[in-house]
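Residue-level structure breakdown
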There are 4 protein chains.
Amino acid sequence: MKQDFLDDAVKRNRGLISQGVVATYIPELAKVDKNYLGVTIAYADGTILSSGDTKIRFAIESISKTVVLALALLDNGEEEVFKHVHKEPSGDAFNSIKKLETEPDHLPRNPFINAGAIMTASLIKGKDPVDKFNRVLEFMRLISEDKTLELGEDIYLSEKKTGDTNRGLAYYMKGQGVLTGEVEDILDVYFKQCSIYVTTESLAKIALFFANGGILSTGERIIPKKYAQIVNGLIATCGMYDQSGEYLDNIGIPGKSGVGGGIISPVSSKKLGVAVFGPALDEQGNSVAGIGIMKDISKELDLDMF
Amino acid sequence: MKQDFLDDAVKRNRGLISQGVVATYIPELAKVDKNYLGVTIAYADGTILSSGDTKIRFAIESISKTVVLALALLDNGEEEVFKHVHKEPSGDAFNSIKKLETEPDHLPRNPFINAGAIMTASLIKGKDPVDKFNRVLEFMRLISEDKTLELGEDIYLSEKKTGDTNRGLAYYMKGQGVLTGEVEDILDVYFKQCSIYVTTESLAKIALFFANGGILSTGERIIPKKYAQIVNGLIATCGMYDQSGEYLDNIGIPGKSGVGGGIISPVSSKKLGVAVFGPALDEQGNSVAGIGIMKDISKELDLDMF
Amino acid sequence: MKQDFLDDAVKRNRGLISQGVVATYIPELAKVDKNYLGVTIAYADGTILSSGDTKIRFAIESISKTVVLALALLDNGEEEVFKHVHKEPSGDAFNSIKKLETEPDHLPRNPFINAGAIMTASLIKGKDPVDKFNRVLEFMRLISEDKTLELGEDIYLSEKKTGDTNRGLAYYMKGQGVLTGEVEDILDVYFKQCSIYVTTESLAKIALFFANGGILSTGERIIPKKYAQIVNGLIATCGMYDQSGEYLDNIGIPGKSGVGGGIISPVSSKKLGVAVFGPALDEQGNSVAGIGIMKDISKELDLDMF
Amino acid sequence: MKQDFLDDAVKRNRGLISQGVVATYIPELAKVDKNYLGVTIAYADGTILSSGDTKIRFAIESISKTVVLALALLDNGEEEVFKHVHKEPSGDAFNSIKKLETEPDHLPRNPFINAGAIMTASLIKGKDPVDKFNRVLEFMRLISEDKTLELGEDIYLSEKKTGDTNRGLAYYMKGQGVLTGEVEDILDVYFKQCSIYVTTESLAKIALFFANGGILSTGERIIPKKYAQIVNGLIATCGMYDQSGEYLDNIGIPGKSGVGGGIISPVSSKKLGVAVFGPALDEQGNSVAGIGIMKDISKELDLDMF
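Residues numbered from 1 in each chain as written. Chains lettered and ligands numbered in written order. Predicted model: local features only at pLDDT ≥ 70, side-chain atom pairs only at ≥ 80, totals over all residues.

Broken down by element type, chain A carries 14 helices and eight strands. Relative to the globule expectation of 19 Å for 306 residues, the C-alpha radius of gyration of chain A, 18 Å, shows essentially globular dimensions. Each principal axis of the C-alpha atoms in chain A carries an extent, and together these give about 55 × 40 × 35 Å. Counting over 306 residues, chain A shows a buried share of 61%. Within chain A, residue pairs in contact and separated by at least 24 positions form 69% of the contacts whose partners lie at least 6 positions apart. (Helix = DSSP H or I, 4+ residues; strand = E, 2+ residues; numbered from the N terminus. Rg over C-alpha atoms; globule rule 2.2 N^0.38 Å. Buried ≥ 20, exposed ≤ 12 C-beta atoms within 10 Å, placed from the backbone. Contact = placed C-beta atoms within 7 Å.)

Glancing now at the interface of chain A and chain B. Taken together, the contact between chain A and chain B spans 13 residues of the former and 14 residues of the latter. Those elements that provide at least two residues to the side of chain A that touches chain B are α5 (98–102) and α9 (164–175) of chain A. Looking at the side of chain A that touches chain B element by element, the count peaks at eight residues for α9(A). Within the side of chain A that touches chain B, the residues separate by chemical class into three nonpolar, five polar and five charged. (Nonpolar A, V, L, I, M, F, W, Y, C, P; charged D, E, K, R; others polar.)

Take chain A, turn it by 180 degrees, move it 0.0 Å along the axis, and it overlays chain B with an RMSD of 0.0 Å. What we have between these two chains is a two-fold relation. Counting the interface residues of chain A, we find that 100% of their copies in chain B are interface residues as well, pointing to one common contact surface. (Least-squares fit on C-alpha atoms with pLDDT ≥ 70 in both.)

In many reports, interface size means the accessible area that the parts give up when they come together. Facing 26 residues of chain D, the contacting portion of chain A comprises 26 residues. Contributing elements (two or more residues each) for the side of chain D that touches chain A: α12 (225–238) and α13 (244–251) of chain D. In terms of residue count, the dominant contributor to the side of chain D that touches chain A is α12(D) (six residues). Within the side of chain D that touches chain A, the residues separate by chemical class into six nonpolar, 12 polar and eight charged.

Residue and element names in this part refer to chain A. For chain A, the assigned domains read domain 1 (3–57 + 198–300) and domain 2 (62–194). Contact residues are listed per partner, giving 33 residues for domain 1 and 30 residues for domain 2. Looking at the side of domain 1 that touches domain 2, the elements with two or more residues in it are α2 (27–30), α11 (200–211), α12 (225–238), β6 (256–257) and β7 (262–267). Its residues assigned to classes, the side of domain 1 that touches domain 2 shows 20 nonpolar, eight polar and five charged. (Domains from an automatic or database assignment.)

What follows covers the relation of the copies chain D and chain A. The relation between the two copies of this chain is a rotation about an axis and a shift parallel to it. Here chain D sits on chain A after a turn of 180 degrees about the axis and a move of 0.0 Å along it, with an RMSD of 0.0 Å. The overlap is high: 100% of the interface residues of chain D also sit at the interface in chain A, so the same surface is used on both sides.

For any two helices packed against each other, one specifies the inter-axial angle together with the distance between the axes. All names here are of chain A. In the contact formed by helix α6 (residues 114–122) and helix α10 (residues 183–194), the axes pass within 9 Å of each other and the chain directions differ by 110 degrees. Judged on the interaxial angle alone, α10 and α6 are roughly perpendicular. The handedness of the crossing between α6 and α10 is right-handed. Side by side, α6 and α10 meet where Ala117, Ile118, Ala121 and Ser122 of the first sit next to Ile186, Leu187, Val189, Tyr190 and Gln193 of the second. Taken together, the residues that form the contact of α6 with α10 break down as seven nonpolar, two polar and no charged. (Axes fitted to C-alpha atoms, helices over the stretch in contact; angles between N-to-C directions. Parallel < 35°, antiparallel > 145°, perpendicular 65-115°, else oblique. Left-handed = near helix turned anticlockwise from the far one by under 90°.)

Attention shifts here to the sheet that holds strand β3 (residues 58–59) of chain B. Residues and elements named next belong to chain B. If you trace the three strands from one edge of the open sheet to the other, you get β3-β5-β4, paired in antiparallel fashion. With one partner strand each, in any of the chains shown, β3 and β4 (150–151) form the two edges of the open sheet. One ladder, built from two bridges, connects β4 with strand β5 (residues 196–198); its direction is antiparallel. Bridge pairing in β5 links Leu151 to Ile196. (Pairing = 2+ DSSP bridges.)

The next subject is the sheet that holds strand β2 (residues 48–52) of chain D. Residue and element names in this part refer to chain D. Strand order in the open sheet formed by five strands is β2-β1-β8-β7-β6, and the pairing between neighbours is antiparallel. A single partner strand is all that each edge strand has here, and the edge strands are β2 and β6 (256–257). Direction of pairing for strand β1 (residues 38–43) relative to strand β8 (residues 272–277): antiparallel, over a ladder of six bridges. Paired with Ile41 across the bridge in β8 is Val274. Lying over the sheet, helix α1 (residues 3–14) contacts β1 and β2, oriented at roughly 30 degrees with respect to β2.

Looking now at α12(D). All names here are of chain D. In this model, α12 (14 residues) spans 20 Å end to end at C-alpha, consistent with the 20 Å of a helix rising 1.5 Å per residue. Counting buried residues in α12 gives 12 out of 14 residues, a clear majority hidden from the surface. When α12 is considered as a whole, its buried residues turn out to be Tyr227, Ala228, Gln229, Ile230, Val231, Asn232, Gly233, Leu234, Ile235, Ala236, Thr237 and Cys238. (Expected span 1.5 Å × (residues − 1).)

It is worth spelling out unusual backbone geometry at this point. The phi dihedral of B:Glu61 is positive, around 50 degrees, even though this residue is not glycine. Structurally, B:Glu61 is set in the loop between β3 and α3 (64–76). Overall, B:Glu61 belongs to the buried group, with 23 C-beta atoms counted inside 10 Å. Phi angles above zero are rare outside glycine, and D:Lys271 is one such case at about 50 degrees. Mapped onto the elements of the fold, D:Lys271 is located in the loop between β7 (262–267) and β8. According to the C-beta neighbour criterion, D:Lys271 is partly exposed, with 16 such atoms within 10 Å.

Attention now moves to the environment of B:Val231. Within the secondary structure, B:Val231 is located in helix α12 (residues 225–238). On a C-alpha basis, the gap between B:Val231 and B:Leu149 in space is 21 Å, while along the polypeptide they are 82 residues apart.

What follows concerns the pairing of strand β8 (residues 272–277) of chain B. Two faces, one strand: in a regular strand the side chains alternate between the faces of the sheet. Residues and elements named next belong to chain B. Buried residues dominate β8, accounting for six of its six residues. Residues Leu272, Val274 and Val276 line one face of β8 and the alternating positions Gly273, Ala275 and Phe277 line the opposite face, and both faces are buried. Bridge count for strand β7 (residues 262–267) against β8 is six bridges, and the pairing is antiparallel. Looking at β8, one finds that Val267 is bridged to Leu272.

In this section: the confidence of the model for chain A. Taken as a whole, chain A shows an average pLDDT of 96; of its residues, 100% reach a score of 70 or greater. Reported confidence for the predicted complex is 0.95 by ipTM and 0.95 by pTM. (pLDDT = per-residue confidence, 0-100.)

Right, dumping it as structure tokens:
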């Protein structure tokens, strides 16, 4: 891919920004300039292609769920993790609670809906919530190959303050006997993991890491290939919640979005990772212009898995 | 009714005790002797008929929801209360959460399922949780005409400790924007109201109070007749959760049970209140022998509303 | 009650008609003049009080479910009937299907939601659908003390033609193994029972029959008292579908409505039956002016059960 | 891949047969010998590798849904088809009805759950049900490159006789106004499409057709590449109903199963199609030994998409 194409893609899709709005459920997200737009592609050979606002830091939000799942797998093994959370698309909204009641085992359907991500966060090892979060942060720095990643304290405090639906999910799971530990401690890790500031460059590296089977650009293996495949497969089926099928059909590659405006797409067949940032969101909470760029890239590079 | 009949009813239904078990979700309830069995009928003319273990104190649990609803009506008026909670049977279990998600307004279906009772508790006036609970306790003392009612501190602490499903309900409602205030403060009132120690005598007086349209045995009116009718009507349709229809059909009068083993039945057509206590519960969490006694009394006194 | 009061009630509530619309799902109902309004009260002593359009014939629709339940009880006994349908309010809309899937036993929640009424119709004895319906019609003539009741052929054909949601309910129940027999045969009885033309006078007699414990005005007992009580109790808790609680609270007596504009209220404590007819329906499908009249009568005659 | 490996895979997985049972909901399926086991791999270059019982004819059942979707796309275009059915995993069982009620648009979640497949069948063009089915059969013969495919009359009659849950789904959708046409006519096409007798060889050709972007082995394009991608994508996310996530994770390629014992996996990255036949089913209704063979092949040929 040439730089030109990427620059054009950013230009071309900038027009979509007006169709979206920034997330407003916390002031920190509402303050973000909706006109940011950037994209980075990271290849296994070390090539990095970037265009647009790729140095701007934004909250990783739900994209962190992929990273925490990988660490939970590393900490506990596949068998143990999937005793606590299923791998099936839920067919429901990201913060849905009803299946926790109606499914006989009361377990969350997958690690990427909020209930499942809270469950996954509860599986991270560490002596206390601070230690657990630090392990998450260090792991994210490692696989993004970006030592500068930091917690966005302001985002975190806002998430914590307004996270009552997540508290509802967590306490309900605890009440059903399926979540273990102190709810506020678990949520503290969860709110913090969502509040890490990233750039499209760090995210593209994370996407590449998964696409490349769990190997850093140095060639160092960090997680077994199987764990990377699990993460990629779940991104494909559950990454966009109840819009996952639409995304997979329209773009043809797995995608995991965050309400901060980021989307990552790990493409294992081509050993590359794509990340976009565009805080203007569509009604489903996905970056409108970001999806446009993803579509263009997928077509240009013939990424469609099917 | 003669004392003989009541004594016989207690004797006759004692055989059912072996079919039930005491509630075990908190140690304080699990320790209660399952063989207790008592019944009191309170008439508007001041007559009190009692038989069996009618001086034993036990936790009022869900029966408190009727009292707190009455106080919430007094504090806020009918219109305001029913902006926050509906009056419809839910068709679901007492601690069900799914309709809070699936109903477009996210409001609890009625004040007697847990979600609705927590909502009702949130409507009690007072400067802080302690003040609010004291108002509940004083109101309960007033309408039970029993100044000795006290909080069961041990029950309360256990309820608070194990009440995660209720926390889930409350935080989820708060997250949906329908519950206002600090969740732990609201739950503090709720857990305490459930932990008041009562006897069949105090409960029969409460049942009579509602049956008699909100008037004490002194003739003093405490709440408008309409509020008492609302409470009675809701007991009829929602008092036994998803078994309300069965109870109404089998016994023919409204009934509100508590997991502590109590059941009250206000009978407005005859201006009397019945209360039973029998901690051995059936699978639905209702006193097995208590229901037997209620059935016998209803038949003997021809109480069937239909 | 004096005739004057009744005449005034009709006049007073006529103003509500403009707030409602006639049912339009079949042409035969859509053609009915929305300005009709009538009421009849039938007392056990034979007194009949009527005012307004009490000679106009209209489709009984869902009110027939009470009559067919009584006949099913007579044909099969209480135990057998309630092996096939529960007695609990469903908390869902009249034509809801979801609980047929989600409840472990796949049985309808009560005999007054459509699924339950179809089940009840399937329990009527007879050698073929024609015979079964004739038994329903004869039974309805008997308890309404109105030999002139007839099937509305046009209504029936329209119901049959447009009854696909009901077919969905019936086939789904058959597929779950809980409904026995030929679906179209069962639905034929069901569509016909809904299409019987009645007047407020015939309906008031039906209401009185149930209120009076299953006895005709001649004193002849037709069904055991217990069966009448079952019907009355279910009308109280499930008669207005997911608005039953509101009706019971606002009017204070059981009520069963039909989309043809009728409502019956059996009042067992006073041994009287009330029926109204007003085809202008509110959003829930209940007669707007009819509910107004019911409210006035309940207040005037002090009928509130609670 | 060598023939040896395939022969070994069949041998090795034969041991799993004892863990499964044949489908029993219709006698024709119950009569099938559970010990059959066969596999065929079809490559775009025309190579066919087969092992085991690859000449045995069995009912295609739900695998037909992929073929009918392709024809519906060809008949109506993508935009029109997806006005009638979504592309999202449902999170529910294959014959679930509840989302048809609870989703605001009442449309089936995807074309592979029964409700969605019935909807898709209703979109096939033709002057009558016989014509429509003949078009399906001809299309299936075309893309399987097998002119001998025939309707299994006995299977079809049994499916038709016992298909009441499917009738429930169809009539309910018609009642909601989302399904157009005569239900029995639509179901006639649907029951017949499920009753076509196939072999692993014909199925492997169908899988290859989709994997190869809609091109026959002759090089002739039959459907646009986009339609093949849609089918492949939906197989990936919805092919195994509420077990789709597990299959994708364990095998790493899309899979669509049928209760007749078949499974197809189109693998577009390698331009090959795999089909297995093993009528001994696991609890989820998928071929136990067939899944074993798929797993072995995926590993040996490094097919994992992620």
